[in-house]
Amino acid sequence: MSENIVSVNNLSVSFDYQENFLSKKQKIKAVNNINIKIKKGSFFGLVGESGSGKTTLGRAILGANKISTGNVIFHDDGRDFDLTTINSKEMKEYRKKAQLIFQDPYAALSPRMTVRDIIAEPLEVMKITNSREETDARVRDIAAKCRLNLEHLRRFPHAFSGGQRQRISIARALVSNPKFIVADESVAALDVSIQADILNLLKQLQNELNLTYLFISHDLSVVAHVCDIVAVMYLGHIVEMAPSRELFSNPRHPYTKALLSSIPSIDPENKSRAIELQGEIPSAMNPPSGCVFRTRCPHASKDGKEANIEMGLVEVTPGHWVDRCGVNCA
Amino acid sequence: MTHLLEINNLDVKFDTDEGRITAIDNVSLTLDQGKVLGIVGESGSGKSVTAKSIMQLNPGNTIYNENAEILIDEENVLKFTSKNDLKKIRGGKVSMIFQEPMASFAPAIKIGYQMVEQLMIHKPMDKKEAKNISIDMLNRVGIADAEKRFNQYAFELSGGMRQRAMIAMALSTMPKLLLADEPTTALDVTIQAQVINLMKDIIKEYNMGVIFITHDLGVIAQVADDVAVMYLGSVVEQGPVNEILKNPMHPYTKGLINALPDINNLDAPLTPIPGNIPSPLDRPSGCVFRTRCPHASKEGKEGNIKMGLVEIKPGHWLDKCGVDCGKT
């Protein structure tokens, strides 16, 4: 059993919302009572539709969103960073160890900086290196690992294609030698052949540099391919979590089943229609009571429909967690 | 038999500061009524430019070649000059659905007004009639409370709902030809499934011809009858969707399929297509794919083979250069 690198305990994140200056302040719960443990060296997948809270959860783990209740603990060689009590000095330490790769490689890179400066910036800001030579050496080293040429370093981002830009973003995230990476929709903006290239690169870097990923994506086939363990989110809750093969071959929650059946098959003869979910994801401002999925659930039990079941994951088989309500209605 | 749409020898070039860019090179396509033609390819392959050429929506610096033809009901769209002629096409015989439904509606005008306005331009009817048709259409595409939505702005609708409204608007004029440019790309998978099912039903019901542009081979497999694979402005392979996806011959088509993560086969490695798509400013001579082709023959590599589709099986068309290198 390998050790955990991140533990998320009963985490909730809410945002204040005020429709106009006269109306009452409301709380929107974007992430609700989440418990996950990310094992060192794993490729942890987080899937869900827009508005499900995947990005908020990822940002909370990086300390970029305020935690409302619960906590996030980062374990680093016997040293624990508790993000609820962390001070600014420790936060600087933590930033070196946990980094983010963004979705859009066109928006994430400053057009006025050379690639060398973009990759070197984290080293300079975090004062990791002491001399220009040292910085250059680190930049060259990580650029080579991300398959960028030395001559690329002198150029500006506009000279690069989407895939190359994403490799620059990855190099920048990795230059401080982090142990944990949150990749938020990092291949969503790329063409399929480039997507395959970037996914292979992420896998290869994981082995070379002993990285742990939290991989956020809406694309189930991508997640199925690269992740070891997958959590499915819906409206701020995790509704199912299992090792990826188990999840994709034996989904238990009706939402996971609907998601899987919605992937258009590349086989033209396989015309099986998707399990169509009625309506759309409800507003997070006014989520359904009880099971959040009950308003769209095709097989809700009587108890589930009447919202008598409180949400919470139960372990149905070792390592396979399903929301309590989903166990019945599935 | 005459086709609903016939594109013959279309070249499209753009005059830019950096020089003349070839966006489309010698593309010929046909589409019959009631059929769905899928166009797949990566960004920059010329899918959208092809669709925009049909609507004459390309920008002012566009140059079409002299002998190109885009025939809709045997009328050459490229020869249209007056606004009135174009009106027959835009929103009349042809409607288009775009990728980003937020960008396609005017943000400060109610959805209902936009639907009524375009209907009244194309059909002789009064406001009341147009409103009834619009609301009926919104109901048809599965929008609950159609009457209420009719009086709302685009920002008040969710992404899936907006795309439905867009489809309703495009279909309200009863076009013969629908151009759908990545209509489901911006949507979540469950909403995408809803929209695809809706479009399939509507295509059947209205018996129109559809050009469905997407980069997603899964979506193509589910909606299209025929498919054309485009790379850097050229069609490299074309045929019935079943044949092309199950028995791809061109190394680019094979590459696209191998790069796709398949949820039913998790052990298959993801194989990227080597290299990068060349800039349209230095388009390779000869076969456009030769710079990235893993099996290029000597002649192909040197750019000695002129591009052009040949029929290798009834209905299955393959670029000349791909016939040799596709065998391995």
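Fair warning: this is a prediction, and the values are worked out from it, not measured in the lab.

(A) How the structure looks around the overall build of chain B. In terms of regular secondary structure, chain B is built from 13 helices and 13 strands. Taken over C-alpha atoms, the radius of gyration comes to 21 Å for chain B, in line with the 20 Å a tight globule of 328 residues would show. Each of the three principal axes of chain B carries a C-alpha extent, and together these read 65 × 50 × 45 Å. Within the span of chain B, comprising 328 residues, buried residues form 54% of the whole.

(B) Geometry of the packing of aromatic side chains. All names here are of chain A. A complete count under the given rule lists 13 aromatic pairs over all chains for this structure. Measuring from ring centre to ring centre gives 4.6 Å for phenylalanine 43 and tyrosine 213, while their planes differ by 35°; the resulting arrangement is tilted. With a gap of 170 residues between them, phenylalanine 43 in strand β3 (residues 43-47) and tyrosine 213 in strand β8 (residues 212-217) connect regions that are remote in the sequence. Both rings, one in phenylalanine 74 and one in phenylalanine 81, keep their centres 6.1 Å apart while their planes meet at 55°; by these two values the pair is tilted. Among the residues examined, phenylalanine 74 registers a relative accessible area of 1% and is labelled buried. Taken together through their ring pairs, the aromatic side chains of Phe74, Phe81, Tyr94 and Phe180 make up a single cluster.

(C) Representation of the domain arrangement of chain B in the model. Residue and element names in this part refer to chain B. Considered domain by domain, chain B is made up of domain 1 (5-93 + 175-325) and domain 2 (106-172). With 17 residues of domain 1 at the contact, the number on the domain 2 side is 12 residues. When residues of domain 1 are sorted by the area they lose upon contact with domain 2, Leu198, Ile202 and Tyr206 head the list and together hold 31% of the total. Between the two partners, domain 1 and domain 2, sit 1 salt bridge. For glutamate 205, the salt bridge goes to arginine 140, with nearest N and O atoms at 2.2 Å. On the surface where domain 1 and domain 2 come into contact, there are 5 residue pairs in polar contact (both at pLDDT 80 or more). Per-element tally for the side of domain 1 that touches domain 2: the top contributor is helix α8 (residues 189-206), with 8 residues.

(D) Inspection of the interface of chain A and chain B at higher detail. At the interface, 39 residues of chain A touch 41 residues of chain B. When the two sides are added together, the surface that chain A and chain B hide from each other amounts to roughly 3,600 Å², 55% of it contributed by carbon and sulfur. Broken down residue by residue, the surface that chain A buries against chain B is led by A:His225, A:Ile266 and A:Glu280, which jointly contribute 19%. Where chain A meets chain B, there are 3 salt bridges. Close ionic contact of A:Arg245 with B:Asp267 constitutes a salt bridge, the shortest N to O distance being 3.0 Å. Viewed at the interface, chain B and chain A are joined by 13 residue pairs in polar contact (both at pLDDT 80 or more). When residues of the side of chain A that touches chain B are traced back to their parent elements, those giving at least two are α6 (192-209), α7 (220-226), α8 (244-249) and α9 (254-262) of chain A. At 7 residues, the largest contribution of residues to the side of chain A that touches chain B is made by α6(A).

(E) A look at the sheet that holds strand β1 (residues 4-17) of chain A. Residue and element names in this part refer to chain A. The 4 strands are arranged β2-β1-β4-β5 in an open sheet whose pairing can be described as antiparallel. Both outer strands of the open sheet, β2 (26-39) and β5 (79-82), are each paired with one neighbouring strand and no more. Strand-to-strand twist of the sheet, defined as the mean angle between neighbouring strand axes without regard to direction, takes the value 20°. With 4 bridges joining them, strand β4 (residues 69-76) and β5 adopt antiparallel strand pairing.

(F) Spatial organisation of the pattern of salt bridges. All names here are of chain A. Per the counting criterion, the structure on display carries 28 salt bridges over all chains. Linking aspartate 76 and lysine 97 is a salt bridge whose minimum nitrogen-to-oxygen distance equals 3.3 Å. Placement of the pair is aspartate 76 in strand β4 and lysine 97 in helix α2 (residues 88-97), with a sequence separation of 21 residues. Ionic pairing is found between aspartate 136 and arginine 116, a salt bridge with its closest N-O pair at 2.8 Å. With aspartate 136 in helix α4 (residues 132-145) and arginine 116 in helix α3 (residues 115-125), the pair connects residues that are 20 residues apart, well separated along the chain. Comparing aspartate 136 with arginine 116 shows no difference in burial state: the two are buried. It is possible to trace a salt-bridge network through shared partners that takes in Lys40, Asp76, Asp77, Lys97 and Lys179.

(G) Structural context of the sheet that holds strand β10 (residues 237-243) of chain A. All names here are of chain A. On the basis of which strands lie adjacent, the open sheet formed by 8 strands has the order β6-β7-β8-β3-β9-β10-β12-β11 and mixed pairing. The open sheet terminates on both sides in strands that have one partner only, identified here as β6 (98-101) and β11 (313-317). Along the sheet, successive strands turn relative to each other by an average axial angle of 20°, direction set aside. Note: strand β7 (residues 180-184) against β8, 5 bridges, orientation parallel. Considered in β8, the bridge of aspartate 184 is made with isoleucine 216. Lying on the sheet, α2 is in contact with β6 and β7; it crosses β6 at an angle near 55°. Of the strands in this sheet, β9 (229-234) and β10 are in contact with α9, which crosses β9 at around 100°.

(H) Structural view of the side chain of A:Ser221. Secondary-structure assignment places A:Ser221 in helix α7. Setting aside its immediate chain neighbours within four residues, A:Ser221 contacts A:Ile263, B:Pro261 and B:Ile263.

(I) Local environment of the nonpolar core. Ranked by internal contacts, the top residues of the largest apolar core, which has 70 residues, are A:Ile119, A:Ile170 and A:Phe215. No other element matches the 7 residues that α6(A) contributes to this core. Beyond its immediate stretch of four places on either side in the chain, A:Ile119 contacts A:Val139, A:Ile142, A:Leu148, A:Leu153, A:Ile168, A:Ala171, A:Arg172 and A:Val175. One finds B:Ile97, B:Ile135, B:Ala146 and B:Ala224 within the second-largest nonpolar core, a separate group that totals 69 residues.

(J) Main features of the confidence of the model for chain B. Confidence in the prediction of chain B, expressed as mean pLDDT, is 89, and 99% of residues score 70 or more. Confidence, read as mean pLDDT per element, is least for helix α3 (residues 101-104) of chain B in chain B (76) and greatest for strand β10 (residues 226-231) of chain B (96).

(K) Inspection of the packing of helix α5 (residues 127-140) of chain B against helix α7 (residues 159-172) of chain B at higher detail. Residue and element names in this part refer to chain B. Packing of α5 against α7 brings their axes to within 9 Å, and their N-to-C directions diverge by 130°. Judged by the angle between their axes, α5 and α7 are oblique. Along this stretch, α5 crosses α7, giving a crossing that reads as right-handed. Only Ala165, Ala168, Leu171 and Ser172 of α7 make contact with α5, whose side of the interface consists of Ile133, Met137 and Leu138. Considering only residue class, the contact of α5 with α7 consists of 6 nonpolar, 1 polar and no charged.

(L) Layout of the environment of A:Ala98. Residue and element names in this part refer to chain A. Within the fold, alanine 98 resides in strand β6. Remark: the alpha-carbon pair of alanine 98 and leucine 62, spanning 36 residues in sequence, is separated by 6.6 Å. When neighbours within four sequence positions are excluded, alanine 98 is seen to be in contact with Leu62, Pro178 and Phe180.

(M) The arrangement of the pairing of strand β5 (residues 69-72) of chain B in detail. Residues and elements named next belong to chain B. In terms of strand pairing, strand β1 (residues 5-16) meets β5 through 4 bridges, oriented antiparallel. Note on β5: the bridge partner recorded for glutamate 6 is leucine 71. Two elements, β5 and strand β6 (residues 75-76), share 2 bridges in a ladder whose sense is antiparallel. Paired with leucine 71 across the strands is asparagine 76, a residue of β6. Between the antiparallel neighbours β5 and β6 lie 2 residues, among them aspartate 73 with a positive phi of about 50°.

Quick notes on the rules
Residues numbered from 1 in each chain as written. Chains lettered and ligands numbered in written order. Predicted model: local features only at pLDDT ≥ 70, side-chain atom pairs only at ≥ 80, totals over all residues. Heavy atoms only, no water. Helix = DSSP H or I, 4+ residues; strand = E, 2+ residues; numbered from the N terminus. Rg over C-alpha atoms; globule rule 2.2 N^0.38 Å. Buried < 20%, exposed > 50% of the residue type's maximum accessible area, 1.4 Å probe, protein only. Phe/Tyr/Trp six-rings, centres within 6.5 Å; stacked < 30°, edge-to-face > 60°. Domains from an automatic or database assignment. Contact = heavy atoms within 4.5 Å. Buried area = accessible area lost by both parts, 1.4 Å probe. Salt bridge = Lys/Arg side-chain N within 4 Å of Asp/Glu carboxyl O. Polar contact = N/O pair within 3.5 Å; in protein donor to acceptor, adjacent residues only side chain to side chain. Pairing = 2+ DSSP bridges. Axes fitted to C-alpha atoms, helices over the stretch in contact; angles between N-to-C directions. Core = buried A, V, L, I, M, F, W, Y, C linked by side-chain atoms within 4.5 Å. pLDDT = per-residue confidence, 0-100. Parallel < 35°, antiparallel > 145°, perpendicular 65-115°, else oblique. Left-handed = near helix turned anticlockwise from the far one by under 90°. Nonpolar A, V, L, I, M, F, W, Y, C, P; charged D, E, K, R; others polar.

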